[in-house]
Structure formats: C-alpha cells, structure tokens
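Next come the chains, spelled out residue by residue.
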Amino acid sequence: MFEKHTINKMHSSKIKKDQTAQTFDLYPEIREMFKEFPKFKEEILPSRYWEELNAKNLEQLANSGFENFKRTVARNYFTWIVNPLNSQIRFLVKETGYLNSIKLFCQLIFRQKHEHLTKRQSFYYDTLTHLLWSYVEKYDEEHLLEKLIEPSLGNPPTLTQNGHLISQDLANSILEYKAVLKLGVNDSELKTILELGPGYGRTAYVFLTLRPDLRYILVDIPPALYICQRYLTSIFPNRRAFKFRAFSSFENIQEELESASLIFLTPNQIELLPNKSIDLTLNISSLHEMRMVQISHYFTEIERLTQKYFYFKQWKKTTVPREGEIICEADYPVGPRWKLLKRQQCEIQHRFFERLYELPQN
C-alpha cells in the first residue's frame, strides 16, 4: 500500500506503519503531499536527519493534533529550549542586566509547566522567550511590535509581556525581517518572495503582515508543508491561495498560480516555475541540515529562479546529523556572479551567520 511505499522511499525505519496510516487518515492532505516523493530526484530526497524528523512530526500530529503544533512540531524547527548557560541566554542576560535577569529567573522558576513540556523545559523556554522579547522591544525603533501579534492558532505556550502574547518564533522572525532590510534589500523592489523550508510559516507571517501586497511562495516537504498551508491560509483567510496539488507543467496552473498571493509547493515543483520569477529567496536554518548534493541542487535552482536577492541564515559550522558531512560557511556553492551585499553574525544566535546576495538577472 501507499504507506509502505512512502516508508521505503524515505528509507526511514522509525516511521511505524500503523502510526503513519493513522496520521494520513487524520490528515488526508498529508497523504497527497507524500505522493510527490516518488517524483523527487535523488538530490532532493530528505536527508536521514529529516527522515527521522518527519517520522517524529507525523507521530506528534497523530498524538497531539494540529491544534497543538506550536508546542510539539515547532520545537523541531527554530524554537529553542536551552539551559541558562547557553550562549543566547548569556548574551541576553547582559543586554537585560544581571539584576533584572535574576528577578526574571526567580519569577519563572515557580510558574506552572506548559502542557506538552516538562517543568524544566517550560522554565528554559520561558526564560529565553522573555529575555528575547525584551531585546526585541529594546531595539524596536520601527515599532513593529505594535503591528504584530503572536497568533493563538497552534496553541503556543501561554506567555505574556506587557499584556501581549509573546513567543520566540515571532521575536526571531522580526529580527530576520529587519536583518533582510539591514543587509541591503530594497523592499520597494519586492513583489514575490520564495521561502525554501519555511517550517510552519513563522517568518512568512511577519512579511505578509507588514507587507500585505507581497506574493509569497512556500516550498517544503510534508508534513511541514501541510502545517504551513493550514496555518497561513487560516491566519490570512482573505488571501487567494494556491494550495498544494500535483501538476506536471507550469502552463497547466499558470493562471491560477499567478492570481494567488499564497502558494504552497513541494521541492520538485519549483523546477517547473519560470526563470527569474522571484524577487527575494529566503532560507532560514535548514540548508545546513542537508547533504551537500542537496545544497548544490537548491543553489542552482535559486540562481535560476531569483532575479534580485537571496538571503540565508545558517550555522557557521555544523555536522549534518546522520550523514557525517561537515558543512562550514565557506562550503556553500555561491555562484561566481553572485554579489555579496553584506554578511553579519546573527544578533542572538552568535553561531549563525546571515548573508545577502544580489543575483545576476540573466
């Protein structure tokens, strides 16, 4: 049956057949998305690490539901649960001040734990989230926080500051939005953005809220693509969406796709998009989880598709889990005609770098 084929195609021994079938029964859209896997070229099949994460994500969706994904699946993306000795915490404590940080620690240590998190995980999550939010507030010269509210969809851990629901994801996404502009993007040139590996759409939410005129293409593998599609189409119900479906040529869907402002695709489908049709391509914290052959493939597609900018944010050095490949910042196969506009160390995650490139237009 299809479940068995999917498991074999992903080479994952950790996906239990009955668990997968249960998830597909609960979320038939995910089943349809997985049917694209046989169409994937070898170089875009998920790494072993992402095979395992997919298995975990499917299990979390089956057990806890889409309704709680910000407490379960989102923790596999860019939600950090780290102890007070972590470099992020140490940096933010200095920014906040030691006395204020100690007061915060004392307040949080007696809070009740969040559902789906242990007591320790809750304390670690709360500590980083409050410190991070205070940092974003401190440097919010553009008053972005007045325009952005953490959506309750997905049941984020309930944390408030100054009367507002807060989250790490919204804080980090605001910093990424600001970084894109700080590094040199002229936002008046932006009409179409493509994000490769958007997770559940946290960064897309910020861009689309602050720039409602944008057209946004989100490219990922399931079940992440399903979560992203359901999340963003719920948050922005009035936006015309091109929801995932199988297609074999751009011409077959051109009119519908071009009239949509939210577009959801699997990685093999971007090969059918026309050259130089994207103004800004984004990738945040996922390239370093791929094999180098995957990275090279995506860089080729990025150059083909992008007519203006490419922004990416990754670890400076990492070992790809389960693959044994070591990837350093200098290893990314940047095209010879790409122009580096600016490079910087990430504000909070100091082991990450951010780069913005201007790409050739032909």
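Scroll up a little and you will see the structure.
What you see is a predicted model; the values in this text were computed from it and never measured.

Draft legend 1. Spatial organisation of the overall build of the protein chain. Along the protein chain, the regular secondary structure elements total twelve helices and twelve strands. The C-alpha atoms of the protein chain give a radius of gyration of 20 Å, which matches the 21 Å a tight globule of 362 residues would have. Principal-axis analysis of the C-alpha atoms places the extent of the protein chain at approximately 60 × 50 × 45 Å. Within the protein chain, the fraction of its 362 residues that count as buried is 58%. Carbon and sulfur atoms provide 50% of the accessible area of the protein chain, an area that totals close to 15800 Å². Taken as two groups, the 48 positive and 44 negative side-chain charges of the protein chain have centres that lie 4 Å from each other.

Draft legend 2. Molecular detail of the pairing of strand S12 (residues 352-358). Of all seven residues that make up S12, six are buried, and the element is covered over most of its length. Direction of pairing for strand S8 (residues 306-315) relative to S12: antiparallel, over a ladder of seven bridges. Bridge pairing links Lys 313 to Glu 354 in S12. Pairing of strand S11 (residues 339-345) with S12 involves six bridges; the strand directions are antiparallel. Within S12, the position partnered with Lys 339 by the bridge is Glu 358. A loop of six residues connects S11 with S12, the two strands running antiparallel in sequence.

Draft legend 3. Layout of the packing of aromatic side chains. Applying the stated criterion across every chain, the model contains 33 aromatic pairs. Between Tyr 200 and Tyr 231, the ring centres sit 5.2 Å apart and the planes meet at 90°, which makes this aromatic pair edge-to-face. With Tyr 200 in the loop between strand S3 (192-196) and helix H9 (202-210) and Tyr 231 in helix H10 (residues 224-235), this residue pair connects regions lying 31 residues apart in the sequence. For the residue pair Tyr 200 and Tyr 231, the accessibility class agrees, reading buried in each case. A centroid spacing of 5.6 Å and a plane angle of 65° characterise the contact between Trp 338 and Tyr 357, whose relative ring orientation is edge-to-face. Taken together, the residues Trp 338 in the loop between strand S10 (326-328) and S11 and Tyr 357 in strand S12 connect sequence positions 19 residues apart. Each member of the pair Trp 338 and Tyr 357 is classed as buried. Aromatic ring contacts, followed pair by pair, group Phe 299, Phe 310, Phe 312, Tyr 332, Trp 338, Phe 353 and Tyr 357 into a single cluster. Between the NZ or CZ atom of Arg 239 and the centre of the ring of Phe 236, over which it lies, the distance is 5.5 Å. Sitting above the plane of the Phe 353 ring, Arg 355 keeps its charged end 5.9 Å from the centroid.

Draft legend 4. Inspection of the pattern of salt bridges at higher detail. Tallying each qualifying case throughout the model produces 20 salt bridges. Two residues, Arg 211 and Asp 213, come together in a salt bridge whose shortest N-O distance is 2.8 Å. You can call Arg 211 buried: its relative accessible area is 13%. Judged by its relative accessible area of 53%, Asp 213 falls in the exposed class. Two residues, Glu 301 and Arg 304, come together in a salt bridge whose shortest N-O distance is 2.8 Å. In this pair, Glu 301 and Arg 304 both sit in helix H12 (residues 292-305), three residues apart, roughly one turn of the helix.

Draft legend 5. A look at the environment of Ser 101. With respect to the secondary-structure elements, Ser 101 resides in helix H6 (residues 98-108). Judged by relative accessible area, Ser 101 falls into the buried class, the value being 1%. Taking the C-alpha atoms as reference points, Ser 101 and Asp 126, 25 residues apart in sequence, are found 12 Å from one another.

Draft legend 6. Main features of the sheet that holds S3. Spatial strand order, S5-S6-S4-S3-S7-S8-S12-S11: eight strands in an open sheet with mixed pairing. The sheet is open, and its two borders are formed by strand S5 (241-242) and S11, each paired with just one other strand. Bridging between S3 and strand S7 (residues 278-284) involves three bridges; their strand directions are parallel. From the neighbouring strand, Glu 195 faces S7, where its bridge partner is Leu 282. The sheet contacts of helix H8 (residues 168-183) involve S7, S8, S11 and S12, and relative to S11 the element is tilted by about 135°.

Draft legend 7. Local environment of the nonpolar core. Counting residues in each nonpolar core, the largest one holds 113 residues, and the members touching the most others are Leu 232 and Leu 280. The greatest single-element share of this core, amounting to nine residues, is contributed by helix H7 (residues 119-138). Those residues within four positions of Leu 232 in sequence are excluded, and the remaining contacts are Tyr 200, Gly 201, Ala 204, Tyr 205, Leu 218, Leu 262 and Phe 264.

Draft legend 8. Main features of H10. Here H10 contains twelve residues, and its C-alpha end-to-end distance of 16 Å stays within 8% of the 16 Å for a straight helix at 1.5 Å per residue. Where burial is concerned, most of H10 is hidden: nine out of the twelve residues are buried. Burial in H10 covers these residues: Ala 224, Leu 225, Tyr 226, Ile 227, Cys 228, Gln 229, Tyr 231, Leu 232 and Thr 233.

Draft legend 9. Representation of the layout of surface pockets within the structure. What the largest pocket holds in volume is close to 800 Å³. Going through the elements one at a time, helix H4 (48-64), S3, H9, H12 and strand S9 (317-319) are the ones with two or more residues in the lining of the largest pocket. With five residues, H4 is the largest single contributor of residues to the lining of the largest pocket. Its residues assigned to classes, the lining of the largest pocket shows 21 nonpolar, 14 polar and six charged.

Draft legend 10. Main features of the packing of H7 against H8. For the pair H7 and H8, interaxial distance at closest approach is 9 Å and the crossing angle is 35°. Crossing of H7 over H8 shows left-handed handedness. Taken together, the residues of H8 that come into contact with H7 (itself represented by Tyr 125, Leu 128, Thr 129, Leu 132, Trp 133, Tyr 135 and Val 136) are Gln 168, Leu 170, Ala 171, Asn 172, Ile 174 and Leu 175.

What counts and what doesn't
- Residues numbered from 1 in each chain as written.
- Predicted model: local features only at pLDDT ≥ 70, side-chain atom pairs only at ≥ 80, totals over all residues.
- Heavy atoms only, no water.
- Helix = DSSP H or I, 4+ residues; strand = E, 2+ residues; numbered from the N terminus.
- Rg over C-alpha atoms; globule rule 2.2 N^0.38 Å.
- Buried < 20%, exposed > 50% of the residue type's maximum accessible area, 1.4 Å probe, protein only.
- Areas by Shrake-Rupley, 256 points an atom, 1.4 Å probe, with all protein chains shown as cover.
- Lys, Arg positive; Asp, Glu negative; His and termini not counted.
- Charge placed at Lys NZ, Arg CZ, Asp CG, Glu CD.
- Pairing = 2+ DSSP bridges.
- Phe/Tyr/Trp six-rings, centres within 6.5 Å; stacked < 30°, edge-to-face > 60°.
- Lys NZ or Arg CZ within 6 Å of the ring centre and 35° of its normal.
- Salt bridge = Lys/Arg side-chain N within 4 Å of Asp/Glu carboxyl O.
- Contact = heavy atoms within 4.5 Å.
- Axes fitted to C-alpha atoms, helices over the stretch in contact; angles between N-to-C directions.
- Core = buried A, V, L, I, M, F, W, Y, C linked by side-chain atoms within 4.5 Å.
- Expected span 1.5 Å × (residues − 1).
- 1 Å grid on protein atoms, 1.4 Å probe; cavity = no way out; pocket = protein on both sides within 12 Å on 5 of 7 lines; lining within 4 Å.
- Points joined across faces, edges and corners; volume = space filled by probe spheres on them.
- Nonpolar A, V, L, I, M, F, W, Y, C, P; charged D, E, K, R; others polar.
- Left-handed = near helix turned anticlockwise from the far one by under 90°.

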